[in-house]
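# Geometric and topological summary
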Amino acid sequence: MAATTAAALCGPSGPVRMGLKPNVVFVLGGPGSGKGTQCERLSRELRYVHLSAGELLRQARESGSEEGVLLDEYLREGRIVPVELSLCLLRKAMIASGGTRFLIDGFPRNQDNLDGWERIMGKEADVTCVLFLECPESVLEARLLHRGLSSGRSDDNLESARKRFRQHVEITLPVVEHFQSYGLVRRVDGSQDMDTVFANTCAALSDAMEREVMAATRAQIEAATDNDTAAHAAMCCEDATGAGCTGSAATALKIPADVETWGGKGASANAAAKPFELLNPHMQIMGNVALLSYLRHNGGGDAGREAAVEETRVWLGVGGRWRLKHLHCSAIKTAQP
C-alpha cells in the first residue's frame, strides 16, 4: 500500500484552527531525558495540549481504526511507517482537542519527519520553539534501567538504551541543529531533579508564550474590527469581564472595548483602511495567566490617527488555548494633524 494511502486517511487539507493559527512546541531529547514527564506537568500547569507521536501510534494500533490497520500492515511487512501516517494522527488529535497551544513530544525525530511536517503542516501551524532536554548518556542509561523495573517496556534494557542513544545522536541531533539555525531551540539541562528541570523549562518557554499571547491579542482585535462576534467570543472565557466602554455592539461581543472604540458596527471598514498598532507592550506571565498592557493606535502611521486606547488584557490558559478573562480600556483622544 502506497504512502499516499496514509495521507488520504486525513481527508482534504484544511486549517487546524478555530480563530487562531495553532502554536506548536516540539519537545526533543534522548531516550529517558524526561520528555513525557515534563510535558505532562507543562500540560497540567500551563494548560498546553500534550501530544505524543509514539503514543498516538500505539493507540491507533490498539483501536483497530483505519490508521491502526494500516500501521499493522506496514509493521507486519517490515516496511518503514510513512510520516504521512504519523502526521495524520497528529493532525486529527490537534483538531479533536479544540486547542491552539501544543506540545508535541518525540517529533520530528529524523529528517523524513521534518520534511513531512514542513510539507503537510508547515502552513497550518507555527513552530514557536523546540524544547531540547540535554542529558549525558550515563544518566539516560541509569534512568531507562530503573524505569525498566516497572514499565514493562521491552526496550528499557541496557542494549536497547545504547542503541536508541546512538540513533538519537545520529538521526535526531541534526534535526535539532536545523531548528538551531533558525534560533528556535531552547536547551534545558535534563539531568537535574524534576522540579529544577520544570522551573528551567518554564523559563525557556517564556518567550514562546509571550508570542502566543501577542498573537491571540492581535487575532481578537482583528475579529472585533471585522465584527466577527463568533471568533471574538471563542477567544473569551465564559465569565469574561470588561471595563472602559459600553454599548449594544460591545455587549454582543462580551468585551466592550474592541468594537465600540472604533465606532461599533461601522468599525470593520474603518479598520480595513487604518490598521491598528500595539505600542509599548508590557507583559507578565505567571503560570497559565498572562497580563498584557499596551497603547493601541488606530491608523497606520503618524498621520491620520483618530484615537488611542490604553488597554490591559488578562489572558487565561485553559483547554489548550489562551482565553480572555478581563479587558480594561481607556480611550485617549489625539489631536488631528
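You'll find the chain entered in an unreviewed UniProt entry as UMP-CMP kinase, with Tribonema minus given as the organism. Quoted straight from UniProt, the Sequence similarities (unreviewed entry) entry for the chain says "Belongs to the adenylate kinase family. UMP-CMP kinase subfamily." For the record of the chain, the UniProt heading Subunit (unreviewed entry) holds the text "Monomer."

### Overview of helix H6 (residues 111–120)
Every buried residue of H6 is accounted for by Asn 113, Leu 114, Gly 116 and Trp 117. Buried positions in H6, seen along its axis, are confined to an arc of 165 degrees and lie on one side of it. Two or three places before Asp 112, at the start of H6, stands the capping residue Asn 110, its side-chain oxygen 3.2 Å from that residue's backbone nitrogen.

### Describing the packing of aromatic side chains
Throughout the structure, instances matching the rule amount to 4 aromatic pairs. Each ring, one from Phe 26 and one from Phe 179, has its centre 5.8 Å from the other, and the planes form 55 degrees; the classification is tilted. Here Phe 26, found in strand S1 (residues 23–29), pairs with Phe 179, found in helix H8 (residues 158–180); they are 153 residues apart in sequence, far enough to count as distant. Each member of the pair, Phe 26 as well as Phe 179, carries the same accessibility label: buried. Aromatic rings pair up to connect Phe 26, Phe 107, Trp 117 and Phe 179 into one cluster. Lying across the ring of Phe 198, Arg 41 places its NZ or CZ 4.0 Å from the centre. Directly above the ring of Tyr 48 sits Arg 101, whose terminal nitrogen or CZ lies 4.0 Å from the centroid.

### Some thoughts on the pattern of salt bridges
Counted according to the given criterion, the structure contains 17 salt bridges. With a closest N to O distance of 3.0 Å, Glu 141 and Arg 162 form a salt bridge. One end of the pair, Glu 141, is in helix H7 (residues 137–151); the other, Arg 162, is in helix H8, and 21 residues separate them in sequence. Arg 162 gets classed as partly exposed once you look at its relative accessible area, which sits at 38%.

Cut-off values and rules
- Residues numbered from 1 in each chain as written.
- Predicted model: local features only at pLDDT ≥ 70, side-chain atom pairs only at ≥ 80, totals over all residues.
- Heavy atoms only, no water.
- UniProt positions renumbered as here; feature names shortened; annotations may be inferred.
- Buried < 20%, exposed > 50% of the residue type's maximum accessible area, 1.4 Å probe, protein only.
- Helix = DSSP H or I, 4+ residues; strand = E, 2+ residues; numbered from the N terminus.
- Arc of directions from axis to C-beta.
- Polar contact = N/O pair within 3.5 Å; in protein donor to acceptor, adjacent residues only side chain to side chain.
- Phe/Tyr/Trp six-rings, centres within 6.5 Å; stacked < 30°, edge-to-face > 60°.
- Lys NZ or Arg CZ within 6 Å of the ring centre and 35° of its normal.
- Salt bridge = Lys/Arg side-chain N within 4 Å of Asp/Glu carboxyl O.

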